Amino acid sequence: MRAFDGQLSGNRPISRTTEEKKRQLRDLKEALAALKPHAAASLRESLTAKIKALESELAPRR
């Protein structure tokens, strides 16, 4: 089902709490560690990029 113009779910990032981001970060790190050696390099790169993005969001601001 497609979103119509102005619908709240259409083309908006999902907002997550700090706890949800920490849980997602932990899950992504576990998924990266569990990857088989023959897994696609693009998959590894995308997981690593998402992990770095989450870590930068969760890093304390100075």
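Each remark here, short or long, concerns the structure printed above.
Calculation notes
- In every chain, residue numbers begin from 1 and rise along the written sequence.
- Restriction of local features to residues with pLDDT of at least 70 applies here, the model being predicted, together with a cutoff of 80 or more for giving and counting side-chain atom pairs; totals for whole chains, interfaces and linings are based on all residues.
- Calculation of side-chain values draws on the structure's entire complement of heavy atoms; hydrogens and water are dropped beforehand.
- Every helix listed is a DSSP run of H or I at least four residues long, and every strand listed is a run of E at least two residues long, numbered separately from the N terminus.
- Each residue is assigned to one of three classes by its accessible area relative to the maximum for its type, calculated with a 1.4 Å probe on protein chains only: buried under 20%, partly exposed between the two thresholds, exposed over 50%.
- Contact between two residues is taken to exist if any of their heavy atoms lie within 4.5 Å; hydrogens are not considered.
- Accessibility throughout is a Shrake-Rupley quantity obtained with a 1.4 Å probe, and a residue counts as covered only by protein chains that appear here.
- Here the expected length of a helix is defined as 1.5 Å per residue gap, with one fewer gap than residues.
- As used here, the arc is the angular range of directions from the helix axis to the C-beta atoms.
- Every case where a carboxyl oxygen of Asp or Glu lies within 4 Å of a side-chain nitrogen of Lys or Arg is listed as a salt bridge.

> What am I meant to see in the overall build of the protein here?
Along the backbone of the protein there are two helices and zero strands. The burial tally for the protein puts 10% of its 62 residues in the buried class. Of all intrachain contacts in the protein linking residues separated by at least 6 positions in sequence, the fraction that spans at least 24 positions is 43%. In the structure as shown, the protein presents an accessible area of about 5700 Å², 53% of it carried by carbon and sulfur atoms.

> What should I look at first to understand helix α2 (residues 41-58) in this one?
Residue pairs spaced three or four apart in an α-helix point in one direction, given the helix's 3.6 residues per turn. The end-to-end C-alpha distance of α2 is 26 Å, a good match for the 26 Å that 18 residues give at a rise of 1.5 Å each. Restricting attention to buried positions, one finds in α2 the residues L47, I51 and L54. In a view along the axis of α2, the buried residues occupy a sector of 65°, so they form one face of it. Opposite the buried face of α2, at more than 90 degrees from it, the exposed residues are S42, E45 and K52. Packing partners of the buried residues in α2 comprise α1 (18-34).

> Help me understand the pattern of salt bridges, please; the structure alone is not making it clear to me.
Close approach of charged atoms lets side chains of opposite charge pair. Applying the stated criterion across every chain, the model contains two salt bridges. For E57, the salt bridge goes to K21, with nearest N and O atoms at 2.7 Å. With a gap of 36 residues between them, E57 in helix α2 and K21 in helix α1 connect regions that are remote in the sequence. With relative accessibility at 39%, the residue E57 sits in the partly exposed group. Its salt-bridge partner being K29, residue E55 comes within 3.2 Å of it at the nearest N-O pair. Of this pair, E55 sits in helix α2 while K29 is found in helix α1, placing the two residues 26 residues apart along the sequence. Residue class for E55 comes out partly exposed when judged on its relative accessible area of 35%.

Function cannot be inferred from these measures alone, as they are strictly geometric.
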